[in-house]
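Residue-level listing of the chains:
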Amino acid sequence: MSSPGSRVATYFRRARLIDELRLSLRSPSSSRPPPPPDDPVVAFYAIGAAPTAASALAFFRAIPTPAPLPLFHALASRLANPASLPDLHSLLASFPLPPPPLLRLRLLAAAGDHPAALASVPAAPHRLADAHNLVIRLHAGAGNHAAAVDAFGAMVREGALPNTRTYTIVLHHLAAAGFVDQALEVFRLLPSLRTPRTTRQYNVLAEALSSAGRFDRLRWLVREMVAVDGIMPGRQMWAAIAAMREAGHTEGTEDFVEELSPSPYAVGDSEGEGDSEEEAEDGDTDQCGANKETQQLKPWLHPRELARALEGWHPEDVAELEAAGIVWTPRLVSKLLSIFRKATTAWKFFCWVACRPGSGFRHDLHTVARMIGILARAGKVELAERLLAKVHTDGILLPFVTVRRIINFYGLSKKANAAVRVFREADSICGPVSRPNLALLCSSLLWTMLKCHRAHYATELLEEMVATRGVVPDQQTISGMMEHLAGAGNLKGVHRLFGLVRQCELRPDGHMYVMLIRAYCKGEHVALAVRLFDEMRGAGITPDSPTVALLVKTLWWEGKLQEAALVLERCEEMVAACGGRGLPAACLGHMWTASAADLNKVYGIYSGCFRQQPDAENLMANQAIG
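Below is a short write-up of the structure. (Residues numbered from 1 in each chain as written. Predicted model: local features only at pLDDT ≥ 70, side-chain atom pairs only at ≥ 80, totals over all residues. Heavy atoms only, no water.)

1. Concerning the pattern of salt bridges
Then, number 1: Inspection of the entire model under this criterion finds 15 salt bridges.
Then, number 2: In this structure, Asp19 and Arg22 form a salt bridge, with 2.7 Å as the shortest nitrogen-oxygen distance. Highlighted residues: Asp19 and Arg22, both in helix H1 (residues 7-26), separated by three residues, approximately one helical turn.
Then, number 3: Owing to a relative accessible area of 2%, Arg22 belongs among the buried residues under this scheme.
Then, number 4: Among the ionic pairs, Lys560 bridges to Glu558, the shortest N-O distance being 3.7 Å.
Then, number 5: By relative accessible area, Lys560 is classed as partly exposed at 28%. (Salt bridge = Lys/Arg side-chain N within 4 Å of Asp/Glu carboxyl O. Helix = DSSP H or I, 4+ residues; strand = E, 2+ residues; numbered from the N terminus. Buried < 20%, exposed > 50% of the residue type's maximum accessible area, 1.4 Å probe, protein only.)

Put into structure tokens, the structure is as follows:
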């Protein structure tokens, strides 16, 4: 067993072996695969770094049997392309354990075997968001636009919450079909859906706007990327910025001039991994880093493996790291910071990398924002506030999303007072906050107060925001607060919030009605539940079947058989009016994240691009979505 201090040395030894295998696999004079290493970790990454699927397969076959299961997964990922489809089918059949359905679906979809991929889609009630995403992408990639829209609609109707990858697929589909303005409209809705906007989404839109010469919209996109989302540009965004500058549109691009110049040396992430969906889906990293003419490979560097080796931050680790001569960039430092499991290790690395003599590295707003978030999540309030004060003294404005993350992270670390201070000082941290963004900050602060068991203060804070700042909270925020209060048995607080909804003239969505009906049923106020059921029906919103079952069961328990029969009769009328499809499995809307109205907007934009004259069945689907 190796000592903790030798983990970094082990990492660099493996890195050298992987580099040797990468060179050997690319050597034109070698007709046979290199001998397999004894270390399965080296073999795993060597398969991923092979130049072609055929060379990866030859290398795998040279490994003594039985090969570890992770090597099967690594090879399957390399064979997931149309040219290697027969080899992929053969490999899947030889897995020591049957691959999970979602993995099989992902591999077959990447390989272009659409019939087999669709046949492996899990059953609807148990379908995960990623399964829906793959189905949407399959149909969109095949040019089956109506089927892609239907798959998105089915995802929402089944109660699955669209995530970052869902909207990336939708944006790419719209942009590729020429609907750039509609893609931008969906992109603008993502903050209200509480969905992080990612590097890949910016790349998709930047490429489309640059190709169309829409540099005014591209300039707005660059501002959003820097000031709001704090995202590092990907390759397509760099290319779009360069094209915009060449066309004479240089305003707002001055900060990118230095990075547009090619660097003589760069360290890449071979797997494109990161701590979040944003980084995990960013495909900008170079897996091989090879110059095909000279076979000069960039040194193999895997941030996740390196960060795990550094977790203890022993003196031996630091010495090995200094001797390695890594060229540190803000992107690489941000990746490592996000991977460290301990905030103390992240802080030590953050200080070390900036203090190395002659390194030339300086922290930027990306690395500082990442470090502040890590400290806030760990509850290190003093250090986080010291960094915020330093940034303010230097006259640097952090991205808006950083403020939201800090407030949310203080909720996880139960630091309510620190979250309130950040909220009050938001303008000095990120600049003037627009009214829509202020509503998002209010939502984050209210969620944090509830996580810190300050429900009464959260309610007072909400009323203060409405009265003094004119901030109207969105439905998903109030639904989240209602659900928290209902779970604590505070029906008086729930009723108070529902009164605020009427005061703000908000129209409750299906999720809010359902949550209230369930709360009143469990709180033995079934008469109020029936009243809300009638109000919901009058608003044209169909309740979901589990809520109706709970309402009817509660009425039976209280001996109100006639009222229960009347509820069932009214449900049958609603089902008949909707074409006999039955009650939905879930109502639209999710607490704290997506309201029915916003989901309906996205669906309307998406379906409107590919259905100019929807038929009766599709109109019924639209009504179900709404």
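2. Looking at the packing of helix H24 (residues 416-424) against helix H27 (residues 455-469)
Then, number 1: It is at 14 Å that the axes of H24 and H27 come closest, and there the two elements cross at 10°. Comparing the axis directions of H24 and H27 gives the class roughly parallel. Two secondary-structure elements touch here, H24 through Val420, Phe423 and Arg424 and H27 through Tyr457, Leu461, Glu464, Met465 and Arg469.
Then, number 2: For the contact of H24 with H27, a count of residues per class yields five nonpolar, no polar and three charged. (Axes fitted to C-alpha atoms, helices over the stretch in contact; angles between N-to-C directions. Parallel < 35°, antiparallel > 145°, perpendicular 65-115°, else oblique. Contact = heavy atoms within 4.5 Å. Nonpolar A, V, L, I, M, F, W, Y, C, P; charged D, E, K, R; others polar.)

3. A short note on unusual backbone geometry
Then, number 1: Of note, the amide linkage connecting Thr65 to Pro66 takes the cis form, showing an omega dihedral of -5°.
Then, number 2: Among the secondary structure elements, Pro66 is positioned in the loop between helix H3 (53-61) and helix H4 (69-79).
Then, number 3: A positive phi angle is found at Trp313, which is not glycine, with a value near 50°.
Then, number 4: Mapped onto the fold, Trp313 is located in the loop between helix H17 (303-309) and helix H18 (315-324).
Then, number 5: Trp313 sits in the buried class, given a relative accessible area of 13%.
Then, number 6: With phi around 70°, Trp592 is a residue other than glycine that occupies positive phi space.
Then, number 7: Secondary-structure assignment places Trp592 in the loop between helix H33 (561-577) and helix H34 (596-610).

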